[in-house]
Amino acid sequence: MTELQLGLIGLGASAVVGVFAYNKWQEYRHRKLAEAVFKPQHDDVLLGATPPAARVEAAPLRSEPEIRIEEPAAVDRRVEPVFNDVPYSDPYPTEPGVDEVIEIGEPALFVEEPDAPPQFVQPHAAPLVQAPAKPVAKPLAEPVVAAPEELPAEVPASPVPAELLDPRLELVVALEMVEPVAVQQILHSQRDVLQRINKPVHWIGFNERNREWERLTPESTAKVRRLRVGLQLVNRMGPVSEGDLTVFVNAIHALADELMAVVDMPSSRVLDQAAEIDRFCAAVDLEIGINLVSRASAFSGTKIRALAEAAGMVLGVDGMFTRYDDDGRAQFSLQNFESTQFSPDTVRSLSTHGLTFLLDVPRVDHGERVFGQMSELAKRFADTLQGALVDDNRQPLSDSQLEHIRREFIGKPQATMASFGLPAGSPQALRLFS
């Protein structure tokens, strides 16, 4: 065995001996203490008891009541001795917090007072050892049950932002409900009727928690009390028709009856307003294209895709490569000059003799700058694919012609839109030119 093992064995043996010796010492000490406590040092109380007829005078208490000693009725009743000289030390103390009084001294005397409840007094002023009062446990607080979240009774609503509904572009109807109604119930109420209208219908509700107007969607689980419904008056298909307007008005009144809502329907000349907006849109609704045609051999679809993706363009379901800005808004797109559209399957084997870069003027913010970026990309495509930039008449496009297009057909129309309060690329413009 190693020295470490021998040392551990010795240490363990020492610990065992020490514990055994400590237990013996504790046993001896408690035995001595018990003998000292229970050793009788006075006469037996039972043998020296006072006869029943004896009277004892006690110190006056308040009105000096009569004091007498009550003896037990039965002779064989057990009477515990009281120790006066040796202080009592309970080896098993009462747990803290128990309201208990431990008396040291002679037996207590029973005192009777006229018209007073019986009391116990000490014939001598013996000290009282009183344990700490038991603390009164406070009742456990009942669990607070959160009340179901309710909408405020009245929350002032701000005007609907023009980005959501513009009275110049939509016929806006206000509905006020007495109680909040689920968004899904609202949207499904007149859905079949409103689907027959050829113009978009926009649903806006007031969120009373964040106090903001929000566009309502079928996925929403909220409830609203204030509702705004807008019928778009114009889009690229033209102004709203009288038939569509009638269907919309009847559907809104039916919705108000179902929801028990107060409806506010504008009484303006809606059809004249729609015709005026349509004339404005016709003056600025332009789409600028730059054509790239082959000089000899056709363009390979795989080369076109490689160049487009290198320029940050994405192939969409509409059959065009599109470039987006940081906010996800379309800037310009690239489509096949011929009838075949681009798709992930056809682009591998496709070949074409022409491409077209397109910019939608009213839907693009900062159109002049974006047109410059599109022109530079078209020139790089032309150099790589051995093609030429031409206009719709197959006439070559020079840098001066591209600059003229940028100023006259992009800069001026967008300036007109800004003066009308409908900046190009704004939410209102995106709804109007859809």
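Predicted model, so just to flag it, every value in this text is computed and none were measured. All residue numbers refer to position in the chain's written sequence, counted from 1. Local features in a predicted model are, by the rule used here, given only for residues with pLDDT of at least 70; side-chain atom pairs are given and counted only at 80 or more, and totals for whole chains, interfaces and linings are based on all residues. Processing note: side-chain calculations cover all non-hydrogen atoms of the structure and skip hydrogens and water entirely.

*Asks:* Describe helix α7 (residues 367-385), and please don't skip the residues or the numbers.
*Replies:* Because each turn of an α-helix spans 3.6 residues, side chains separated by three or four positions in sequence point in the same direction. Numbering of helices and strands starts at the N terminus; helices are DSSP runs of H or I of at least 4 residues and strands are runs of E of at least 2. What a helix should span is 1.5 Å times the count of its residues minus one. Taking 1.5 Å of rise per residue, the 19 residues of α7 would be expected to cover 27 Å, and the 26 Å separating its terminal C-alpha atoms lies within 8% of that figure. If you check which residues of α7 are buried, you get Gly367, Val370, Phe371, Met374, Ser375, Leu377, Ala378, Phe381, Ala382 and Leu385. Once α7 finishes, Gln386 follows within two positions and takes phi at roughly 60 degrees, a positive value. The cut-offs for exposure are 20% and 50% of the maximum accessible area for each residue type, with area from a 1.4 Å probe on protein chains only; residues under the lower value are buried, those over the upper are exposed, and the others partly exposed.

*Asks:* Lay out the pairing of strand β7 (residues 201-207) with the relevant residues and their values.
*Replies:* Judged by how many residues are buried, β7 sits mostly within the fold: six of seven residues are covered. Note: two strands are recorded as paired if DSSP finds a minimum of 2 bridges between them. As paired elements, β7 and strand β9 (residues 223-232) share five bridges and run antiparallel to each other. Bridge pairing in β9 places Val201 opposite Leu231. In this structure, the hairpin formed by β7 and strand β8 (residues 212-215) is closed by a connection of four residues, where Arg211 is found at a positive phi of approximately 55 degrees.

*Asks:* Describe helix α8 (residues 399-419), listing the residues and the values that go with them.
*Replies:* With 21 residues, α8 ought to run about 30 Å at 1.5 Å a step, and its terminal C-alpha atoms sit 29 Å apart, in line with that. By definition in these notes, contact holds between two residues if any of their heavy atoms fall within 4.5 Å. Turning to α8, the residues buried within the fold contact α5 (270-284), β13 (287-294), β19 (354-360), α7 and α9 (427-432). One or two positions beyond α8, positive phi appears at Gly421, with a value near 85 degrees.

*Asks:* Go over the packing of aromatic side chains with me, naming the residues and quoting the values.
*Replies:* Ring pairs shown here join Phe, Tyr and Trp side chains whose ring centres sit within 6.5 Å, with only the six-membered ring taken for Trp; geometry is labelled stacked below 30 degrees between planes, edge-to-face above 60, and tilted in between. On inspection of all chains with the given rule, the structure shows four aromatic pairs. A centroid spacing of 5.1 Å and a plane angle of 55 degrees characterise the contact between Phe206 and Trp213, whose relative ring orientation is tilted. Residue Phe206 shares its accessibility class with Trp213, and that shared class is buried.

*Asks:* Got a sec to walk through a nonpolar patch on the surface? Specific residues and values, please.
*Replies:* Patch building starts from residues that exceed 30% relative accessible area and form no salt bridge, then joins like charges within 9 Å and nonpolar side chains (Val, Leu, Ile, Met, Phe, Trp, Tyr) within 5 Å. In this description, accessible areas are obtained by the Shrake-Rupley approach with a 1.4 Å probe, and a residue is regarded as covered only by the protein chains that are shown. Within this document, salt bridges are pairs made up of a side-chain nitrogen of Lys or Arg and a carboxyl oxygen of Asp or Glu, the two lying within 4 Å of each other. A contiguous nonpolar surface patch, about 350 Å² in accessible area, is contributed by Leu4, Leu8 and Leu11. For Leu11, the location among the structural elements is in helix α1 (residues 3-38). Here Leu11 falls in the exposed class, since its relative accessible area comes to 58%.

*Asks:* Go over the environment of Leu255 with me, naming the residues and quoting the values.
*Replies:* Within the fold, Leu255 resides in helix α4 (residues 242-259). Dropping the residues within four chain positions of it, Leu255 is found in contact with Leu175, Ile186, Ser189, Gln190, Trp203 and Leu227.

*Asks:* Quick rundown of the sheet that holds β9? Include the residues and the values.
*Replies:* Here five strands make up an open sheet; going across it, the order is β8-β7-β9-β6-β12 and the pairing antiparallel. The open sheet has two edge strands, β8 and β12 (261-264), and neither has a second partner. Across this sheet, the average inter-strand angle for adjacent strands is 25 degrees, counted without regard to direction. Along the sheet, α4 makes contact with β6 (170-182), β7, β9 and β12, crossing β6 at roughly 15 degrees. Where helices are involved, their axes are fitted lines through C-alpha atoms of the stretch in contact, as for all axes, and angles between N-to-C directions lie from 0 to 180°.

*Asks:* Any details on the confidence of the model for the chain? Residues and values, ideally.
*Replies:* Predictor confidence is given residue by residue as pLDDT, running from a minimum of 0 to a maximum of 100. The predicted model of the chain has a mean per-residue pLDDT of 80, with 71% of residues at 70 or higher. Across residues 120-132, confidence stays below pLDDT 50; counting only partners more than four residues off in sequence or on other chains, it has 31 contacts. Taken together, the stretch residues 145-149 has pLDDT below 50 and engages in one contact with residues farther than four places along the chain or on a different chain.

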